[in-house]
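Letter by letter, the chains look like this.
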Amino acid sequence: MTTPSSSPSLLAVFAHPDDEALVAGGVLAQHAAAGARTAVVTATWAPDSLRAAELAHALHLLGAGKPRMLGFADLRVPGSAPGRPRLCDVPQEEAAERLVSHVRAFRPQVIVTHDAFGSGHPDHVRTHEVVLQAVRTAGIEGLCPQAGPSWRPSAIYGASHPRSESDALAGLLSTVGKRVHTVPDEMVHAAVDIRPWLDRKLAAIMAHASEVARERSLPGLLARLPKPEREAIVATEFFTRLDAGHSPGPSRLKVLTV
């Protein structure tokens, strides 16, 4: 187990409830167990929805506090936030300004989000873009003064799928006509072995019960796998460092660094 001093405060920003558990549940549990502050911002779904309640359960299991939700609608489920626009339909700067207040309030050392490729879901791509703009804005004094004092995290990571490590996940998704958007191995900066926190991660994934019940969702597919196969797919989390000026290269880090 890492010490608090070696685990920086971590804010995860993802598009949908369940994204946090699927691609960063291990590092969230890892950092929380080491005494670091952790939190999750979710871009879509209303705070009073069933999926928000499932998210609250998952975050409790991961030690990541209460849900922080931007409240936009899911692109493919307009009823996910009644009366609110879909994330992909609002101007990017509007969504970014909403996120700035969370970044400045939480003041994380590290932010984790989707990379630019991920599953190819438009909500994931837009969330990636919104995070990068929000981080730039949050660090500039005088911009969005209503959101509080400026803050710039030390590192931004995007959850990624390296080409050489994605065969099992790709095979699983292919059974329902989906595919993984992989990146070359040399683009991936961190491969974090989260087996010590694997039970928490899997429990958090299963907490998204409405997704587990769906035949074509990743939580549902994982739930129906034999335990060894399920664990092999999710036991390592991969990240690409996104902040400018960093030269990525494959590294099996024990914890995300600043």
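Residues numbered from 1 in each chain as written. Predicted model: local features only at pLDDT ≥ 70, side-chain atom pairs only at ≥ 80, totals over all residues. Heavy atoms only, no water.

**Q** Would you mind going over the pattern of salt bridges in detail, with residue names and values included?
**A** The full count for this structure, using the stated rule, is nine salt bridges. Notably, a salt bridge pairs Glu-129 with Arg-126, separated by 3.4 Å at the nearest N-O pair. Of the two residues, Glu-129 and Arg-126 both sit in helix α4 (residues 122-138), three residues apart, roughly one turn of that helix. When its relative accessible area of 31% is taken as the criterion, Glu-129 is described as partly exposed. Here Arg-214 ties to Glu-211 by a salt bridge, and the two come within 2.9 Å at their closest N and O atoms. The exposure class assigned to Glu-211 is buried, which follows from its relative accessible area of 9%. Salt bridges linked by common partners bring Asp-18, Arg-51, Glu-211 and Arg-214 together as one network. (Salt bridge = Lys/Arg side-chain N within 4 Å of Asp/Glu carboxyl O. Helix = DSSP H or I, 4+ residues; strand = E, 2+ residues; numbered from the N terminus. Buried < 20%, exposed > 50% of the residue type's maximum accessible area, 1.4 Å probe, protein only.)

**Q** Residue-level account of helix α6 (residues 198-206), with values.
**A** Quick reminder: α-helices carry 3.6 residues per turn. Residues three or four places apart thus point the same way. When α6 is considered as a whole, its buried residues turn out to be Leu-198, Lys-201, Leu-202, Ala-204 and Ile-205. In an axial view of α6, the angular spread of the buried residues amounts to 160°, which keeps them on one side of the axis. Contacts from the buried residues of α6 go to α1 (19-33), α2 (50-62), α7 (209-212), α8 (218-223), α9 (227-234) and β7 (236-241). (Arc of directions from axis to C-beta. Contact = heavy atoms within 4.5 Å.)

**Q** Describe the pairing of strand β2 (residues 38-44), naming the residues involved and giving the relevant values.
**A** Counting buried positions along β2 yields seven of seven residues, so the element is predominantly enclosed. Sheet analysis places strand β1 (residues 10-14) next to β2, joined by five bridges and oriented parallel. From the neighbouring strand, Val-13 faces β2, where its bridge partner is Val-41. As paired strands, β2 and strand β3 (residues 68-72) are joined by three bridges and run parallel to one another. The residue bridging Val-41 from the neighbouring strand is Arg-68, located in β3. (Pairing = 2+ DSSP bridges.)

**Q** Hey, could you go over the packing of aromatic side chains for me, with residue numbers and the actual values?
**A** A full pass over the atoms with the stated rule returns one aromatic pair. Ring plane angle 80° and centroid distance 6.4 Å describe the contact between Tyr-157 and Phe-239, whose orientation is recorded as edge-to-face. A residue pair is termed long-range when its members are at least 10 positions apart, and Tyr-157 in strand β5 (residues 155-159) and Phe-239 in strand β7 qualify at 82 residues. For the pair shown, Tyr-157 and Phe-239 are each scored as buried. Lying across the ring of Phe-106, Arg-37 places its NZ or CZ 4.4 Å from the centre. The side chain of Arg-51 reaches across the aromatic face of Trp-45, ending 5.0 Å from its centre. (Phe/Tyr/Trp six-rings, centres within 6.5 Å; stacked < 30°, edge-to-face > 60°. Lys NZ or Arg CZ within 6 Å of the ring centre and 35° of its normal.)

**Q** How would you sum up the environment of Arg-195? Please name residues and give values.
**A** Of note, Arg-195 is situated in the loop between β6 (190-193) and α6. Residue classification places Arg-195 among the exposed positions, given a relative accessible area of 56%. Taking the C-alpha atoms as reference, Arg-195 lies 8.8 Å from Val-234; in sequence the two are 39 residues apart.

**Q** Could you give me a rundown of the side chain of Thr-38, with the residues and numbers involved?
**A** Locating Thr-38 in the fold gives a position in strand β2. The class for Thr-38 is buried, based on a relative accessible area of 10%. At 2.9 Å, the side chain of Thr-38 forms a polar contact with the backbone oxygen of Gly-63. Excluding residues that lie within four positions of it along the chain, Thr-38 makes contacts with Leu-10, Leu-28, His-31, Ala-32, Gly-63, Ala-64, Gly-65 and Phe-106. (Polar contact = N/O pair within 3.5 Å; in protein donor to acceptor, adjacent residues only side chain to side chain.)

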